[in-house]
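# Remarks on the overall topology
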Amino acid sequence: MQNYRIVQNYHPRFQVLSGVALIMILLAWTGKFFDRMEHLQRPNALSRSNSPYLRGCQHQTVSWHTWNANPFARAHREQKMIYVDVGALWSGRSLKADTDFYANSQVNDLIRESCVPIKVDADAREKTTRYLRTHARLMALPERYPLVVMMNSHGEPITAFSPQSRPLLIRALEEVNKRQRENPQQVRELIISLQSSWREMMIAEAQPGVINATLYRQMSQELLAAFEEIKVAVFDQGHPKAIANAWFLLHMAEQDGDAQARQTLIQFLEALRRSALYDTQRGSFHTLAEGISNGAPVGGKRLEENAMLLMLYARASRLPGGQALAPVTHEIVDGLRTLFWRERPPGFLSSIAPLAYSGSSQSDSPDFDPTFYVSANALTVQALLTYEQLLGGRTERGQWALQSAKQTMETLRAMRAFHGELYHSSQREVSDWLRDEAQTAAAAMMIYKRAKDERYLTFAETLIRHMMNSHPEPTGGFYDLRQGRKLKISVYKSKNEEPTQFEIVIEPSVTAIDDEFSADNPLVACALMEFAEITGNARYRVRAKEALNAFAQSASQNASQMAYYTVAVGKYLNQVQ
C-alpha cells in the first residue's frame with residue numbers, strides 16, 4: 001500500500017509531463033503538415049520540366065533546379081557548391097533517395113546552406129549523364145543510381161559518391177562542406193587530380209592498332225573468363241555488363257560454334273528466367289543493373305533491356321540445347337504489348353517504376369515514363385523482327401510483332417531533325433546522338449530485308465551518311481557529339497565574370513564505353529557492315545574497319561570490358577573471310 005500511495009502522489013506530475021510531450025509531438029507534426037502544404041502549393045523548378053521523373057520530385061523540400069545555365073550562374077554568384085543528383089524513374093534506389101533522403105531536414109539543411117541543387121534524369125539527358133558518369137568511374141563507384149556529383153562554384157567536379165543510406169549521404173556532405181570551409185587548398189588539389197585523371201581517361205592520345213584473328217581470340221578468352229564473375233553479381237547487386245557479355249556469348253555460340261559459350265549462355269538465361277528479376281505475371285524483366293535486395297528486385301522495368309533480352313532469348317532458343325527458352329520469348333512479347341506498347345504515336349514507352357514505389361505518397365509520381373526514346377524503340381523494332389522471323393511465324397503474336405515494328409519505324413522516321421540527325425526523344429529537346437542513329441539505321445535495314453520496301457533502305461542510308469559526315473574522329477573512329485566533340489556546360493572562371501557558356505572540348509578518345517547499354521563505335525561499325533552487305537558497296541566495310549582499328553589498341557589492353565567491340569570485330573572477320 002505504501003508503494004501505491006507514492007505512485008498516486010506523483011501521478012499528477014506525470015500527467016502534466018505527458019500532456020506537454022503530447023502537445024510538443026502534435027506541434028511538430030502540425031509544422032510538418034504545413035511545411036508539406038507549402039511545398040504542394042509552391043513546387044520547385046522541376047514542375048516545369050518535361051521529364052515525368054523530374055516532375056515527380058517537384059514537391060520535395062529540396063529547391064531543385066534542372067540542368068541549365070541558371071543554377072550554375074546562381075552558384076557562381078553566391079559562391080556555393082553545386083550538388084548534382086542523377087536518377088531515373090526505373091531505379092528503385094533513386095526513388096528511395098527521393099522519398100527518404102530528401103525528405104530529411106538535416107539533408108535539406110546541409111544542401112541549402114552550402115549548395116545549389118540540380119536534379120538530372122539519366123534517360124532524358126544521356127549526354128550530360130555520360131559526362132557525369134565518367135567521374136563516377138574515376139571514383140570507383142558502382143554503376144547505378146542515384147549518382148551524386150559535387151562541383152565547386154565554377155562548375156568543376158570535386159568528388160562523386162553513390163549514397164546507399166541517409167547517414168552515409170549526410171556524412172559525405174559534411175565532409176565536403178568541412179573541407180571547403182577549412183581547407184580550400186586541399187579541395188583545389190582534389191579538383192586538379194580529378195581533372196587530370198579525367199583527361200587521362202577521356203583525352204588520351206589515340207594509338208590505333210590493327211584488328212586480326214589473334215586480337216579476336218585474345219578478347220574472346222578474357223570475356224569468357226570474366227563472365228563467370230558477372231553471372232553471380234547480376235543476382236546480387238546488379239551488373240551493367242550482364243547483357244553486353246551475354247550478347248558476346250551468343251555471338252561466340254552462333255558464329256564460332258563455341259560449345260562453352262553456348263552452354264554458359266543457356267545456363268545464364270535459364271537462371272535469369274528463374275530469378276526474382278523476372279516477373280512471371282507480367283512477362284518482363286526488372287532492371288538488371290539494379291539487381292536484387294533481400295530476395296526482391298530493386299529496379300523497375302526498362303524497354304531497352306527487355307528488347308535486348310527478347311533478342312537474346314529468341315536467338316538462344318535456336319541453339320542446340322536452348323529449345324526450352326522459346327516460351328520465355330512469347331511471354332516477353334506479351335509483356336511488351338501489354339506494358340509498353342501504345343497506339344499514338346505508335347511506339348513503346350520508356351520504363352515502368354518499381355512496384356514498391358508506384359504507390360508513393362507523392363500523388364504526382366508517375367508509374368511509368370511515357371517518353372518515346374529513339375534508341376530504345378529502335379532496339380525494340382529489331383527485337384520484334386527477330387522474334388517474328390525465328391518464332392512468331394504466322395501466329396497472332398508474330399503478326400502483331402511485325403505490324404508494331406513497322407508502325408514504330410514510321411514514328412522513328414518522323415523524329416528526324418533539320419540537319420538529318422534524329423531527335424533523342426519525343427520531347428525534341430536533344431538531337432544528334434550517335435547511338436540513336438546507329439540503332440535506327442540497323443532497325444531500318446532489318447525492316448527493309450523483311451519487307452523489301454526501298455523507303456527503309458533510303459532512310460538507313462541517310463542516317464549512315466550523316467554519321468560518316470558529322471561524327472568522324474581523326475583516328476578513324478566516331479564520337480557521339482557532332483562536329484568537334486564538344487559538351488556544353490556552364491562554368492565561370494572568376495567571381496566578377498558575366499555568366500557565359502563554357503565548352504569542354506573532348507579530343508579523340510581511344511576507349512569504347514562498353515559498360516553503357518551499347519558502345520557507340522561497335523554499333524556504327526555493325527551498321528556500316530550491314531549496309532555494305534545489302535548494297536554490295538565495300539566502301540562501307542572499309543570504313544567499318546577503320547573505326548574498329550581506332551580502338552584495337554585500347555581493346556587489347558582492356559579486353560574484358562569490350563564485349564560489343566569483340567562482337568563487331570568477329571562480324572568483320574567473318575565477312576572478309
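Residues numbered from 1 in each chain as written. Predicted model: local features only at pLDDT ≥ 70, side-chain atom pairs only at ≥ 80, totals over all residues. Heavy atoms only, no water.

### As for the nonpolar core
Condition: Only buried Ala, Val, Leu, Ile, Met, Phe, Trp, Tyr and Cys residues count toward a nonpolar core, and they belong to the same one when joined by side-chain atoms within 4.5 Å. Accessibility here uses a 1.4 Å probe with only protein chains present; expressed as a share of the type maximum, an area under 20% marks a residue as buried, one over 50% as exposed, and anything in between as partly exposed. Helix numbers and strand numbers start at the N terminus; a helix is a DSSP run of H or I with at least 4 residues, a strand a run of E with at least 2.
Counting 114 residues, the largest nonpolar core has Leu272, Leu288, Tyr313, Met409, Ile464 and Tyr565 as its most contacted members. Here this core gets 10 residues from one element, more than from any other, and that element is helix α10 (residues 242-255). Residues Leu54, Met150, Ile170 and Ile191 belong to the second largest nonpolar core, which totals 29 residues.

### A look at the side chain of asparagine 44
Condition: Nitrogen and oxygen atoms within 3.5 Å of one another constitute a polar contact, given that in protein one can donate a hydrogen and the other can accept it, and given that sequence-neighbouring residues count only through two side-chain atoms. Throughout, a contact is declared for two residues whenever any of their heavy atoms are within 4.5 Å.
Among the structural elements, asparagine 44 can be located in the loop between α1 (2-41) and α2 (52-55). Here asparagine 44 falls in the buried class, since its relative accessible area comes to 9%. Among the polar contacts made by the side chain of asparagine 44, one reaches the main-chain carbonyl oxygen of cysteine 57 at a distance of 3.2 Å. Only 3.1 Å separates the side chain of asparagine 44 from the backbone oxygen of valine 62, close enough to count as a polar contact. The contact partners of asparagine 44, leaving out residues within four places of it in the chain, are Cys57, Gln58, His59, Gln60, Val62, Ser63 and Trp64.

### Re the sheet that holds strand β2 (residues 115-121)
Within a sheet, adjacent strands bond to each other through the backbone by hydrogen bonds, running parallel or antiparallel. Here is the rule we go by: At least two DSSP bridges between two strands are required for those strands to pair. Comment: axis = line fitted to C-alpha atoms, over the contacting stretch for helices; angle = value between 0 and 180 degrees taken between N-to-C directions.
An order of β2-β1-β3-β4 is seen for the four strands of this open sheet, with the pairing classed as mixed. Looking at which strands have only one partner, the edges of the open sheet turn out to be β2 and β4 (157-161). Along the sheet, successive strands turn relative to each other by an average axial angle of 20°, direction set aside. Inspection of the sheet shows strand β1 (residues 81-87) paired to strand β3 (residues 147-151) by five bridges, in the antiparallel sense. Along β3, the bridge assignment pairs valine 84 with valine 149. In this fold helix α7 (residues 166-182) packs onto β1, β3 and β4, with an angle of close to 155° to the strand it touches most, β1.

### As for the confidence of the model for the protein
Stated precisely, the cut-off is as follows: Scored from 0 to 100, pLDDT records how confident the predictor is in each individual residue.
The pLDDT averaged across the protein works out to 84; a share of 83% of its residues lies at or above 70. At the level of individual helices and strands, the protein shows its lowest average pLDDT in strand β14 (residues 486-490), which scores 47, and its highest in strand β11 (residues 347-348), which scores 98. Low pLDDT, under 50, characterises residues 1-10; the predicted model gives this stretch zero contacts beyond four residues in sequence or across chains. Contacts from residues 483-495, a stretch scored under 50 in pLDDT, to residues over four places away or in other chains number 60 contacts.

### A few points about the pairing of β4
Taking burial as the measure, the five residues of β4 include five buried ones, the bulk of the element. In terms of strand pairing, β3 meets β4 through four bridges, oriented antiparallel. Bridged to valine 149 within β4 is alanine 160. In textbook terms, the turn of a hairpin is the stretch between consecutive antiparallel strands, and for β3 and β4 this stretch comprises five residues, one of which, glycine 155, has a positive phi near 85°.

### Focus on unusual backbone geometry
Cis peptide bonds are those with omega within 30 degrees of zero, and the linkage from tyrosine 145 to proline 146 qualifies with 5°. Looking at where proline 146 falls in the secondary structure, it is placed in the loop between α6 (126-138) and β3. For the peptide bond that leads from arginine 344 to proline 345, omega is -15°, which places it in the cis range. For proline 345, the location among the structural elements is in the loop between β10 (341-342) and β11. Its identity as a non-glycine residue notwithstanding, glutamine 79 has a phi of 55°, on the positive side. The topology assignment puts glutamine 79 in the loop between α3 (69-78) and β1. Assessed through its relative accessible area of 39%, glutamine 79 is described here as partly exposed.

### Looking at the packing of aromatic side chains
The test is simple: Any two rings among Phe, Tyr and Trp, with Trp reduced to its six-membered ring, count as a pair given centres within 6.5 Å; such a pair is stacked if its planes are under 30 degrees apart, edge-to-face if over 60, and tilted if neither. Whether a charge sits over a ring depends on NZ of Lys or CZ of Arg being within 6 Å of the ring centre and within 35 degrees of the ring normal.
Applying the stated criterion across every chain yields a total of 12 aromatic pairs. Ring centres 4.8 Å apart and planes at 85° place the aromatic pair phenylalanine 531 and tyrosine 540 in the edge-to-face group. For the pair formed by phenylalanine 531 and tyrosine 540, the shared burial category is buried. The structure contains a cluster of three or more aromatic residues connected by ring pairs, namely Trp64, Tyr83 and Tyr102. When the ring centre of tryptophan 64 is taken as origin, the NZ or CZ atom of lysine 119, which lies over that ring, is 4.9 Å away. Geometry around tyrosine 540 places arginine 539 over its ring, the cationic atom sitting 4.6 Å from the centre.

### Things to note about the pattern of salt bridges
Charged atoms that come close allow side chains of opposite charge to pair. For the record, the criterion: Criterion for a salt bridge: a side-chain nitrogen of Lys or Arg within 4 Å of a carboxyl oxygen of Asp or Glu.
Enumeration according to the criterion identifies 27 salt bridges in this entry. With a shortest N-O distance of 3.9 Å, arginine 302 and aspartate 123 are connected by a salt bridge. Pair noted here: arginine 302 is in strand β9 (residues 301-302) and aspartate 123 is in the loop between β2 and α6, with a separation of 179 residues, a long-range link. The pair arginine 302 / aspartate 123 is uniform in exposure class, with both members buried. Between arginine 273 and glutamate 331 there is a salt bridge, with its nearest N and O atoms 3.4 Å apart. Placement of the pair is arginine 273 in helix α11 (residues 259-274) and glutamate 331 in helix α13 (residues 326-340), with a sequence separation of 58 residues. Salt bridges sharing partners connect three or more residues here, namely Asp123, Arg302, Glu304 and Glu305.

### Brief notes about the sheet that holds β9
What the three strands build is an open sheet, ordered β9-β12-β13; its pairing is antiparallel. At either margin of the open sheet sits one strand with a lone partner, and together these are β9 and β13 (368-369). As paired elements, strand β12 (residues 351-352) and β13 share two bridges and run antiparallel to each other. In the sheet register, isoleucine 352 faces β13, and the bridge partner there is phenylalanine 368.

### Quick look at α13
What counts here: What a helix is expected to span follows from its residue count: subtract one and scale by 1.5 Å. This arc describes the spread of directions from the helix axis toward the C-beta atoms.
Spanning 15 residues, α13 covers 21 Å between terminal C-alpha atoms, matching the ideal 21 Å at 1.5 Å per step. Among the residues of α13, Ala326, Val328, Thr329, Ile332, Val333, Gly335, Leu336, Leu339 and Phe340 are the ones counted as buried. Looking down the long axis of α13, one finds its buried residues gathered within 165° of arc, a one-sided arrangement.

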